[in-house]
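Structure assessment
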Amino acid sequence: MSRQTLAASLGAAAMLFVSALPALPHATLEVAQAPIKASYKGVVRVGHGCEGSPTLKVRVRIPEGVIAVKPVPKAGWTLETVRGNYAKPAEYHGQQLTEGVREIVWTGKLLDEHFDEFGFRGFLSASLEPGTTLYFPVVQECEKGAHRWIEIPAAGKSSHDLKEPAPGVKLLPAGAGAH
């Protein structure tokens, strides 16, 4: 096989491989799986603005079962938390918690050509079910437009078919290591 033929074959194979990859959401979680009954460091990645427009606000809704949430402040951004009641009390270090952070809001400016991460720490309570995926809906507001990464797939379905899927973390049994 000539070098030219080999190069053409490898190029075609690479294009086929890339085209077979699923489209990835643009708001993702850095850690894709985590055990219940343990702390979880969530890092939401925002990879672009809205059709060239800068991101001005990132909102992360905290799902039921995630308690004792503390966001990471970002230099140059304003941080706000919205508190509310939990659907049912949750135990955390020997205390019964009935309310906590339900939403985190960062307000600032992230140009479309830049990438950034928005972090928080929480505790994945015993009420969560191992083997399921826990979704953290994200709304990204821009100077012009918004992305609402809030779509959650129906049971047994994949998020790959959704236009703007919510980032999710697969829940592992307590004591299992995250990978």
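Up top is the structure.
The sections below set out a description of the structure shown in this document. (Residues numbered from 1 in each chain as written. Predicted model: local features only at pLDDT ≥ 70, side-chain atom pairs only at ≥ 80, totals over all residues. Heavy atoms only, no water.)

Our focus in this paragraph is the sheet that holds strand E2 (residues 33–35). With mixed pairing, three strands are arranged side by side in an open sheet as E2-E12-E9. The outermost strands of the open sheet, each flanked by one partner alone, are E2 and strand E9 (133–135). With direction set aside, neighbouring strand axes in the sheet form an average angle of 35 degrees. With three bridges connecting them, E9 and strand E12 (residues 168–172) associate as antiparallel partners. The partner of Leu 134 across the bridge, within E12, is Val 169. (Pairing = 2+ DSSP bridges. Helix = DSSP H or I, 4+ residues; strand = E, 2+ residues; numbered from the N terminus. Axes fitted to C-alpha atoms, helices over the stretch in contact; angles between N-to-C directions.)

This part covers the sheet that holds strand E1 (residues 27–29). Strand order in the open sheet made by the four strands is E1-E3-E8-E5, with antiparallel pairing throughout. Looking at the sheet topology across the chains shown, the edges are occupied by E1 and strand E5 (66–71). Here the strands of the sheet are splayed against their neighbours by 25 degrees on average, with no regard to which way each runs. In this sheet, strand E8 (residues 116–124) lies alongside E5 in antiparallel orientation, the contact comprising four bridges. Counted as the bridge partner of Pro 71 is Phe 120 from E8.

Turning our eyes to something else, we now look at the side chain of Gln 140. Within the secondary structure, Gln 140 sits in strand E10 (residues 138–142). On the basis of relative accessible area, Gln 140 is assigned to the buried category, the value being 0%. Reaching out from Gln 140, the side chain makes a polar contact with the side chain of Trp 149 at a distance of 3.1 Å. Dropping the residues within four chain positions of it, Gln 140 is found in contact with Val 46, His 48, Gly 49, Cys 50, Thr 55, Lys 57, Ala 146, His 147 and Trp 149. (Buried < 20%, exposed > 50% of the residue type's maximum accessible area, 1.4 Å probe, protein only. Polar contact = N/O pair within 3.5 Å; in protein donor to acceptor, adjacent residues only side chain to side chain. Contact = heavy atoms within 4.5 Å.)

Take unusual backbone geometry next. Backbone geometry places Lys 37, a non-glycine residue, at a positive phi of 55 degrees. Position of Lys 37 relative to the elements: it lies in the loop between E2 and strand E3 (38–46).

Moving on, we come to the packing of aromatic side chains. A complete count under the given rule lists six aromatic pairs for this structure. Seen in terms of ring centroids, Tyr 40 and Phe 136 are 6.1 Å apart; in terms of plane orientation they differ by 25 degrees. Their pairing is stacked. One end of the pair, Tyr 40, is in strand E3; the other, Phe 136, is in the loop between E9 and E10, with 96 residues separating them in the sequence. Judged by relative accessible area, which is 3%, Tyr 40 ranks as buried. When its relative accessible area of 0% is taken as the criterion, Phe 136 is described as buried. Ring geometry for Trp 77 against Phe 118: centres 5.2 Å apart, planes inclined by 80 degrees, an arrangement best described as edge-to-face. Of this pair, Trp 77 sits in the loop between E5 and strand E6 (78–92) while Phe 118 sits in strand E8, and the two are 41 residues apart along the sequence. Overall, Phe 118 belongs to the buried group, its relative accessible area being 0%. (Phe/Tyr/Trp six-rings, centres within 6.5 Å; stacked < 30°, edge-to-face > 60°.)

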